Amino acid sequence: MKNLILILTIFLPLDAISESQIIILQNEKSQKLHGVLDSHNDKGKDVVLLVHGTRGHQKMEIIDSIKSILSENQIDSLSINLSYGEELRENSFFSCDKSHRHLESSSINELLKWYKYLHTQKYSNIYLLGHSRGGLNVLQLSEIISHNDIGHVKGLFLLAPVSDSLDDYILEYETKGVNIKSKINEMIDRIKTNNNKLNNIDFLYCNNSSVSDSSFLSYYYLTDNPRSHPYGIDLVTLLNRTNFKTYIFTGSSDELVPLTHNRVEQVKHNNVTNFLIEDAGHFFRDLYMDDVMEVVLDIIKED
């Protein structure tokens, strides 16, 4: 049961030669994970794994827009919901009213399962595309794939990726009157004694939320040492050592991750290419999404 894969063809919505299939996998806790594979008659060449942003889901407007444009161009896609510890998590934002006990490392492990599933489907080219925190997550995933020699990723597309470092979080909480460095040290000490406490603290755009020590550390305690904390590595550190072609899209009017563009522009790596979409916000709505996808499609078709 551990490697259960359930495939259900549910409709033919986009054109006469496409179909959508529900794919069910299991995570490390044997909880069912939900994904939708949109495929075409020439399935086997290109596929894009789509990853939503913070506390999001696969039916967000930005994910739907990307899926639609890919399908119009006969390119397969797999959209998924990160579970955040819930079985078959519904297509809505993970509520701020819930206790946060989920780990970012678990999300990366789930993405690895989805990647491995696509790898078994014999696609020639697998691309990873993530929005916001999903952009950081696919970059974290790609490092795991590279280090463990699990196939080959053809390219990464990061849309408005989160680029915060631990220093950024320390400064952010200082403006709220919270010494987060001290709190992180307290959390680490409790974890060492198996005392995983719940805290009331701002977390992932949730005000005064209920968050476990392990959950907070998983997302906010970033380090460049993969042995001590294998997934909690910041965007810029990962970009400087990526082994895959990586394309980053930022919007000049992005108010959620306004520092990302300047930071990625400082990365001097032959594998990293940056695109600034003038006047676009964090979600690249309407014509701005067309600008992004024009580049994405050109890259995929050239490959």
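Worth saying up front: this structure is predicted, and the values here are computed from it rather than measured. (Residues numbered from 1 in each chain as written. Predicted model: local features only at pLDDT ≥ 70, side-chain atom pairs only at ≥ 80, totals over all residues. Heavy atoms only, no water.)

This next bit is on empty space enclosed by the protein. Counted by the stated rule, this structure contains two cavities of 30 Å³ or more. Here the largest cavity defines a volume of roughly 50 Å³. Taken together, His52, Gly53, Thr54, Leu82, Tyr84, Glu104, Ser107, Arg133, Gly134, Asn137 and Tyr219 form the lining of the largest cavity. Elements that contribute at least two residues to the lining of the largest cavity include exactly helix H2 (104-120) and helix H3 (133-147). A per-class count over the lining of the largest cavity returns three nonpolar, six polar and two charged. (1 Å grid on protein atoms, 1.4 Å probe; cavity = no way out; pocket = protein on both sides within 12 Å on 5 of 7 lines; lining within 4 Å. Points joined across faces, edges and corners; volume = space filled by probe spheres on them. Helix = DSSP H or I, 4+ residues; strand = E, 2+ residues; numbered from the N terminus. Nonpolar A, V, L, I, M, F, W, Y, C, P; charged D, E, K, R; others polar.)

This part takes up the state of the cysteines. This structure, assessed with the given rule, holds one disulfide. With a sulfur-sulfur separation of 2.0 Å, Cys96 is cross-linked through a disulfide to Cys206. The sign of the -75 degrees torsion about the S-S bond sets the Cys96-Cys206 disulfide as left-handed. Here the residue Cys96 occupies a position in the loop between strand E5 (76-80) and H2, and Cys206 occupies one in strand E9 (residues 206-212), the gap between them amounting to 110 residues. (Disulfide = S-S within 2.5 Å.)

Under the defined criterion, the tally for this structure stands at twelve salt bridges. A salt bridge links Glu172 to Lys176; the shortest N-O distance between them is 3.5 Å. Residue classification places Glu172 among the partly exposed positions, given a relative accessible area of 32%. Here Lys176 falls in the partly exposed class, since its relative accessible area comes to 39%. It is possible to trace a salt-bridge network through shared partners that takes in Asp164, Asp168 and Arg263. (Salt bridge = Lys/Arg side-chain N within 4 Å of Asp/Glu carboxyl O. Buried < 20%, exposed > 50% of the residue type's maximum accessible area, 1.4 Å probe, protein only.)

For the rest of this paragraph, the subject is a negative patch on the surface. Taken together, Asp286, Asp290, Asp291, Glu294, Asp298, Glu302 and Asp303 make up a surface patch of like negative charges. Inspection of the secondary structure puts Glu302 in helix H9 (residues 287-302). (Patch = residues over 30% accessible without salt bridge, like charges linked within 9 Å, V, L, I, M, F, W, Y side chains within 5 Å. Areas by Shrake-Rupley, 256 points an atom, 1.4 Å probe, with all protein chains shown as cover. Lys, Arg positive; Asp, Glu negative; His and termini not counted. Charge placed at Lys NZ, Arg CZ, Asp CG, Glu CD.)

What follows concerns the packing of aromatic side chains. With the rule as written, the count across this model stands at eleven aromatic pairs. A ring pair is formed by Tyr84 and Phe94, whose centres lie 5.6 Å apart and whose planes are at 70 degrees; its orientation type is edge-to-face. Here the residue Tyr84 occupies a position in the loop between E5 and H2, and Phe94 occupies one in the loop between E5 and H2, the gap between them amounting to ten residues. Summarising the burial analysis for this pair, Tyr84 and Phe94 share the class buried. For the ring pair Phe157 and Tyr247, a centre distance of 5.5 Å and an interplane angle of 25 degrees mean the geometry is stacked. Highlighted residues: Phe157 in strand E7 (residues 155-159) and Tyr247 in strand E10 (residues 246-251), separated in sequence by 90 residues. For the residue pair Phe157 and Tyr247, the accessibility class agrees, reading buried in each case. Linked through ring pairs, Tyr169, Tyr173, Phe203, Phe216, Tyr219 and Tyr220 together constitute an aromatic cluster. Sitting over the ring of Phe94, Lys98 keeps its end group 5.1 Å from the ring centre. Against the face of Tyr173 rests Lys176, its NZ or CZ located 5.0 Å from the ring centre. (Phe/Tyr/Trp six-rings, centres within 6.5 Å; stacked < 30°, edge-to-face > 60°. Lys NZ or Arg CZ within 6 Å of the ring centre and 35° of its normal.)

For the chain, the mean per-residue pLDDT works out to 90, and 90% of the residues sit at or above 70. In this model residues 9-16 is a low-confidence stretch, pLDDT under 50, and it forms 15 contacts with partners more than four residues away in sequence or in other chains. (pLDDT = per-residue confidence, 0-100. Contact = heavy atoms within 4.5 Å.)

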